[in-house]
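Structural characterization, general
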Amino acid sequence: MKYRWQETISHRDHNADRDLTDPHEGLSPILLQLIRQEASSQRRVIEVGCGSGRLTFAIAPLFQEIIALDWSESALAEAQIATARHGMANVRFQLADAEQADYQAMAGGPIHLVVAHLCMSNAIIAQAARLDSETILAFAAFHTDQWRETGIISRFAYSKAAMEETLDSAGFYPCYLGLEKEIFHFPSPDVAAAYVERTSLQTKWRSSPRWSGFLKYVQEGGHSLTVRARVVVKARRQ
Ligand SMILES: C[S@@+](CC[C@H](N)C(=O)[O-])C[C@H]1O[C@@H](n2cnc3c(N)ncnc32)[C@H](O)[C@@H]1O
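What comes next is a walk through the structure. (Residues numbered from 1 in each chain as written. Predicted model: local features only at pLDDT ≥ 70, side-chain atom pairs only at ≥ 80, totals over all residues. Heavy atoms only, no water.)

Section: the side chain of glutamate 182
What counts here: Here a helix means four or more residues in a row that DSSP labels H or I, a strand means two or more in a row labelled E, and each is numbered from the N terminus. The definition of a polar contact used here is a pair of N or O atoms within 3.5 Å, where within protein one atom must be able to donate a hydrogen and the other to accept one, and adjacent residues in sequence count solely through side-chain atom pairs.
Mapping glutamate 182 onto the fold places it in strand S7 (residues 172–185). A polar atom in the side chain of glutamate 182 sits 3.3 Å from the side chain of arginine 12.

Structural notes on the site of the ligand
Under the convention used in this document: Being near a molecule or strand, for a residue, comes down to having at least one heavy atom within 4 Å of it. The protein chains shown are the only cover counted for residues, whose accessible areas, like all others here, come from Shrake-Rupley with a 1.4 Å probe. For this classification, the nonpolar set comprises Ala, Val, Leu, Ile, Met, Phe, Trp, Tyr, Cys and Pro, the charged set comprises Asp, Glu, Lys and Arg, and every other residue, Gly included, is treated as polar.
Within the structure, the ligand sits among 14 residues, and Gly49, Arg54, Asp70, Ala98 and His117 are positioned closest to it. Contacts to the ligand include glycine 49, whose backbone N or O atom sits 2.7 Å from a nitrogen atom. A distance of 2.7 Å separates an oxygen atom of the ligand from a polar atom in the side chain of aspartate 70. In the complex, the protein chains occlude 81% of the 590 Å² of accessible area that the ligand would expose alone. Within the shell around the ligand, the residues separate by chemical class into six nonpolar, four polar and four charged.

Observations concerning helix H3 (residues 73–86)
This is how it is decided: Expected helix span is given by 1.5 Å per residue-to-residue step, counting one fewer step than there are residues. The buried label goes to any residue with under 20% of its type's maximum accessible area, the exposed label to any with over 50%, and the partly exposed label to all in between, with areas taken from a 1.4 Å probe on protein chains only. The directions from the helix axis to the C-beta atoms form the arc being described. The contact definition used throughout considers only heavy atoms, calling two residues in contact when any of these lie within 4.5 Å.
The terminal C-alpha atoms of H3 lie 20 Å apart, and with 14 residues this matches the ideal 20 Å at 1.5 Å per residue to within 8%. Along H3, the residues classified as buried are Ala75, Leu76, Ala79, Ala82 and Thr83. Burial along H3 is one-sided: seen end-on, the buried residues are contained in an arc of 120 degrees. Within H3, the exposed residues directed more than 90 degrees away from the buried face are Glu73, Ser74, Glu78, Ile81, Ala84 and Arg85. Summarising the contacts, the buried residues of H3 are in contact with helix H2 (54–59), strand S3 (63–70) and strand S4 (91–95). Remark: glycine 87 follows H3 within two positions and exhibits a positive phi of approximately 65 degrees.

Thoughts on the sheet that holds S7
Selection criterion: Being paired, for any two strands, means DSSP has found at least two bridges between them. Note on definitions: angles span 0 to 180 degrees between N-to-C directions of axes, and those axes are lines fitted to C-alpha atoms, for helices only across the stretch in contact.
Taken in spatial order, the eight strands make up an open sheet running S1-S7-S8-S6-S5-S2-S3-S4, and their pairing is mixed. Bordering the open sheet on either side are strand S1 (6–13) and S4, each of which pairs with just one other strand. The sheet shows a mean angle of 15 degrees between the axes of neighbouring strands, direction not considered. Sheet analysis places strand S6 (residues 136–142) next to strand S8 (residues 224–237), joined by seven bridges and oriented antiparallel. Considered in S8, the bridge of alanine 140 is made with valine 232. Sitting on the sheet, helix H6 (residues 160–170) is in contact with S1, S6, S7 and S8, with an inclination near 160 degrees to S7.

Below you can see the structure in the form of C-alpha cells.
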C-alpha cells in the first residue's frame, strides 16, 4: 500500500440466542470524530446518500448548513418527517443522483466538506473533486470483505488498493485511512445460519445470491461471518 492504514479488526464469539444485533449498519464512530474535527457554524456540508438522515441529524448541530442528497423518494420522505421531529432548521434534503448532481449549484455557497456514510463510488469522488480545492472529503464505505462468507462482493465496496487508486486519480490526498472489521465466530455452522435467519440479514440477502452463497459456506463447515468491514477516509485535495 502507498499510504498507512489504521486497522481495527475485532473477533467476537457470538451467542446467537443472546444477541441479535446486526452491526453492519451502525454509524462509524471514527467517521463522526473525523467530521467533528471540522465543526464550525460558518461551514456548509454536502452529504451524499443520506437515506433517512441518520448521519445528517448527528452532524447538523455542528455546522451552518447540511445539504443532504439521496435519489430515493421514500428515504427522503422519512428524513423530512424526522426533520420536523428534530426541529432542525439548517438541514435541506434534496432528491438527486449524487453521481450526476452539481454540488456547487445546489449549495449556493462555499462547501467545506463532502460526507457520506455507506454511499460511495468513483463518480461521487470525482464530483467532489470538481469543488473548490479547500473542500474536504470524509466518508465510510463498504470494504470488499463485508459479508465475504457469502461469496458476493458488493459493487459499492472498495479494497484498500482500489480506494488509494481512486483518491489518487481524483487528486485527493488521504489524511486518514481506516479499515474497520468485526467478525462473529459462531459455535457451529447451524448457529451461524440461524443467526442470519433471525436478523434482518436474510431479508436483505433474499433478492441476491448472498443467502444461497452463505448456506453453501455453512454446509461446507464455515461458522464465521464478517458482519462489518468498512473503509473510513478523510482526504484533502493535493
Ligand atoms: C446503505 S444506505 C445509507 C444511508 C445513510 N447514509 C445511512 O448511513 O443511514 C445508501 C443510501 O445511498 C443512496 N444512494 C445510492 N446511490 C445513490 C446515488 N447515486 N445518488 C443518491 N443517493 C444514492 C440510497 O438511496 C440509500 O439511501
